[in-house]
Amino acid sequence: MAAPPASLARLLTTWYESRKRDLPWRKTRDPYAIWVSEVMLQQTQVKTVLGYYERWMERFPTLTALATAEDADVLHAWQGLGYYSRARRLLSGARAVVERHGGELPRSPEALLALPGIGPYSAGAIASIAFGLPEPLVDGNVVRVLCRLFALRGDPAKAPLKAHLWQLARSLVPADRPSEFNQSLMELGATVCTPTSPRCPECPVAQQCRGLALGIERELPELAKRKAPTELRTAAAYVRRADAVLLRQLPADASRWAGLWVLPFAELSATESAPAGSARALTELGLKTNGGALLREARHTITRFRITLSVVAHTLSNPRHGAATFFTRREVEQLALPSIHAKLLKALW
Ligand code: SF4
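The structure reproduced in this document is the subject of the present report. (Residues numbered from 1 in each chain as written. Predicted model: local features only at pLDDT ≥ 70, side-chain atom pairs only at ≥ 80, totals over all residues. Heavy atoms only, no water.)

## Brief notes about the site of the ligand
Let me state the cut-off plainly: We define proximity as follows: a residue is near a molecule or strand when any one of its heavy atoms falls within 4 Å of that partner. In this analysis, the protein atoms alone were mapped onto a 1 Å grid. Cavities are point sets where a 1.4 Å probe fits without being able to get out; pockets are open sets with protein on both sides within 12 Å along at least five of seven lines; lining residues have an atom within 4 Å of a point. Whether a molecule sits in a cavity or pocket is decided by its atoms, more than half of which must lie within 2 Å of the grid points. Lys, Arg, Asp and Glu make up the charged group, whereas Ala, Val, Leu, Ile, Met, Phe, Trp, Tyr, Cys and Pro make up the nonpolar group; the residues left over, Gly among them, are polar.
The local shell around the ligand consists of Arg 148, Cys 193, Cys 200, Cys 203, Ala 206, Cys 209, Leu 212 and Glu 217. When atom positions are compared with the pocket grids, the ligand is found to occupy the largest cavity. Per-class residue counts for the shell around the ligand are six nonpolar, no polar and two charged.

This is the structure in structure tokens:
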């Protein structure tokens, strides 16, 4: 039997108060810090975020400090967290807050949503957790908990269920302690109502769970099957000059790794060899090579791509190096590189 929203909220917030994990962003009401943590936690696990969050708050302790930072410093601080568009969204949002609101994040969800880089989830998190407003938030954990609690069928990524979940979350969030309520839903999803093995005997709302009562809790949510990742072959050129290595910066509108520094690389066609593709990457920068030899291969996955990266050592036959620059090891440590390029360089120095 489903409980009325008030008692559901009471059960969940009481459970949350006694079981919540001790996390640094839970010790603050600073809207900026909460925003940073919520953005980092999108698509990244808590244990990974912990170190990044602490270092970020030391490097950019206030929203104004972030807004006035160089793009390159911000990307460097994000290096290794992946999904760099999140760092760029934080930066553009912070700059807009300084311009429009004198450096203070606004309280109203409408004003938050009007800022670049802040979507419904971040607006709900900032409004409820930092400002104590009864605003809903729906992330992957909340989707799972609500679909199971209310036995909701259908794909939650699509209308109409997506809209229904936001309405449901809004109808549930109480005026009293909305921050704790929203965090209790996320915490329950992260620690008890987990994707494949929900621990229902430990759940504070098991009595109210329609999915459990119907025996369909593990079937929910009915997420669309992920497509198999696309295989992508790429080749990068490794060019050394004394103790420096040649890197190029990707343009700000690049579809992947925009603004980051990389070994010059190219995607390979079905028939192209790694030495030929990496030579092409150099040619596109106005550089000529004497030919190359394969050094090593690495594999990595980014969103829906499974990428093989072959690194080929080249020597240049012309001294000009156009859009690329040689950097020493010490200088590279100050640049923002995608993890895979940073790891390869570390192994090759
Ligand atoms: S009873 Fe089980 S399925 Fe239902 S909300 Fe709790 S953990 Fe999730």
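## A look at empty space enclosed by the protein
The line we're drawing: Grid points are joined across faces, edges and corners, and a volume is the space filled by probe spheres set on the points. A run of H or I in DSSP counts as a helix once it spans at least four residues, and a run of E counts as a strand once it spans at least two, with each numbered from the N terminus.
Considering all chains together, one arrives at five cavities of 30 Å³ or more under this definition. Here the element with the most residues in the lining of the largest cavity is helix 9 (residues 140–149); it accounts for three residues. Here the lining of the largest cavity is composed, by residue class, of twelve nonpolar, no polar and three charged.

## Structural notes on the layout of surface pockets
When its volume is computed, the second largest pocket comes out at roughly 650 Å³. Elements with a minimum of two residues in the lining of the second largest pocket: helix 6 (85–101), strand 5 (289–302) and helix 15 (339–348). Top element by residues in the lining of the second largest pocket is strand 5. It accounts for four residues. Residue composition of the lining of the second largest pocket, by class: ten nonpolar, ten polar and four charged.

## Some remarks on the side chain of Ser 184
This is how it is decided: Relative accessibility under 20% of the residue-type maximum defines a buried residue, over 50% an exposed one, and the middle range a partly exposed one, all with a 1.4 Å probe and only protein chains included. Contacts were defined at the residue level, with two residues in contact if any of their heavy atoms lie within 4.5 Å.
As for its placement among the helices and strands, Ser 184 is situated in helix 11 (residues 178–191). On the basis of relative accessibility, which here comes to 0%, the residue Ser 184 falls in the buried class. Residue contacts for Ser 184: discarding those within four places in its chain leaves Leu 12, Thr 13, Trp 15 and Tyr 16.

## What to know about the packing of helix 2 (residues 31–41) against helix 3 (residues 46–59)
Our working definition: Inter-axis angles, ranging from 0 to 180 degrees, are taken between N-to-C directions of lines fitted to C-alpha atoms, where helices are fitted over the stretch in contact. Less than a right angle of anticlockwise turn of the near helix away from the far helix marks a crossing as left-handed, whereas a clockwise turn marks it as right-handed.
Where helix 2 contacts helix 3, the axes come no closer than 10 Å and their chain directions differ by 145°. In the packing of helix 2 onto helix 3, the handedness of the crossing is right-handed. Here Tyr 32, Ala 33, Val 36, Ser 37, Met 40 and Leu 41 of helix 2 lie close against helix 3, whose contacting residues are Val 46, Val 49, Tyr 52, Tyr 53, Trp 56 and Met 57.

## Notes on the environment of Glu 17
For Glu 17, the location among the structural elements is in helix 1 (residues 5–19). Judged by relative accessible area, which is 35%, Glu 17 ranks as partly exposed. A C-alpha to C-alpha distance of 18 Å links Glu 17 and Leu 172, two positions 155 residues apart in sequence. Ignoring sequence-local partners within four residues, the contact set of Glu 17 consists of Arg 177 and Glu 180.

## Notes on the packing of helix 5 (residues 71–78) against helix 6
How we decide: Should an angle fall under 35 degrees it is called roughly parallel, over 145 degrees roughly antiparallel, and 65 to 115 degrees roughly perpendicular, with every other angle called oblique.
It is at 9 Å that the axes of helix 5 and helix 6 come closest, and there the two elements cross at 135°. Relative to helix 6, helix 5 is oriented oblique. For helix 5 against helix 6, the interelement crossing comes out right-handed. Contact residues: helix 5 offers Asp 71, Val 74, Leu 75 and Trp 78, while helix 6 offers Arg 86, Ala 87, Arg 88, Leu 90, Leu 91 and Arg 95. Its residues assigned to classes, the contact of helix 5 with helix 6 comprises six nonpolar, no polar and four charged.

## Some thoughts on the nonpolar core
A general trend in soluble globular proteins is that nonpolar side chains are found buried together. Spelled out, the test is: What makes a nonpolar core is a set of buried Ala, Val, Leu, Ile, Met, Phe, Trp, Tyr and Cys residues whose side-chain atoms join them at distances within 4.5 Å.
Residues Trp 35 and Trp 56 are the most contacted members of the largest nonpolar core, which totals 104 residues. For Trp 56, the residues in contact, after removing those within four places along its chain, are Tyr 32, Val 36, Met 40, Leu 66, Val 74, Ala 77, Trp 78 and Leu 90. By size, the runner-up hydrophobic cluster in this structure holds nine residues, among which are Val 239, Leu 246, Leu 282 and Leu 287.

## A word on helix 13 (residues 274–283)
Our working rule: For this analysis, a polar contact is any N or O atom pair within 3.5 Å, provided that within protein one partner can donate a hydrogen and the other can accept it, and provided that sequence-adjacent residues contribute only side-chain to side-chain pairs.
If you check which residues of helix 13 are buried, you get Ala 274, Gly 277, Ser 278, Ala 279, Ala 281 and Leu 282. By the N-cap criterion, in which a side-chain oxygen at the helix start approaches the backbone nitrogen of a residue two or three places on, helix 13 is capped by Ser 273, the distance to Ala 276 being 3.2 Å.

## Describing helix 15
Our working definition: It is the directions from the helix axis to the C-beta atoms that the arc portrays.
Burial in helix 15 covers these residues: Ile 340, His 341, Leu 344, Leu 345 and Leu 348. Within helix 15, the buried residues cover an arc of 130° as seen down the axis, which keeps them to one side. Opposite the packed face of helix 15, turned more than 90 degrees from it, sit the exposed residues Lys 343 and Lys 346.

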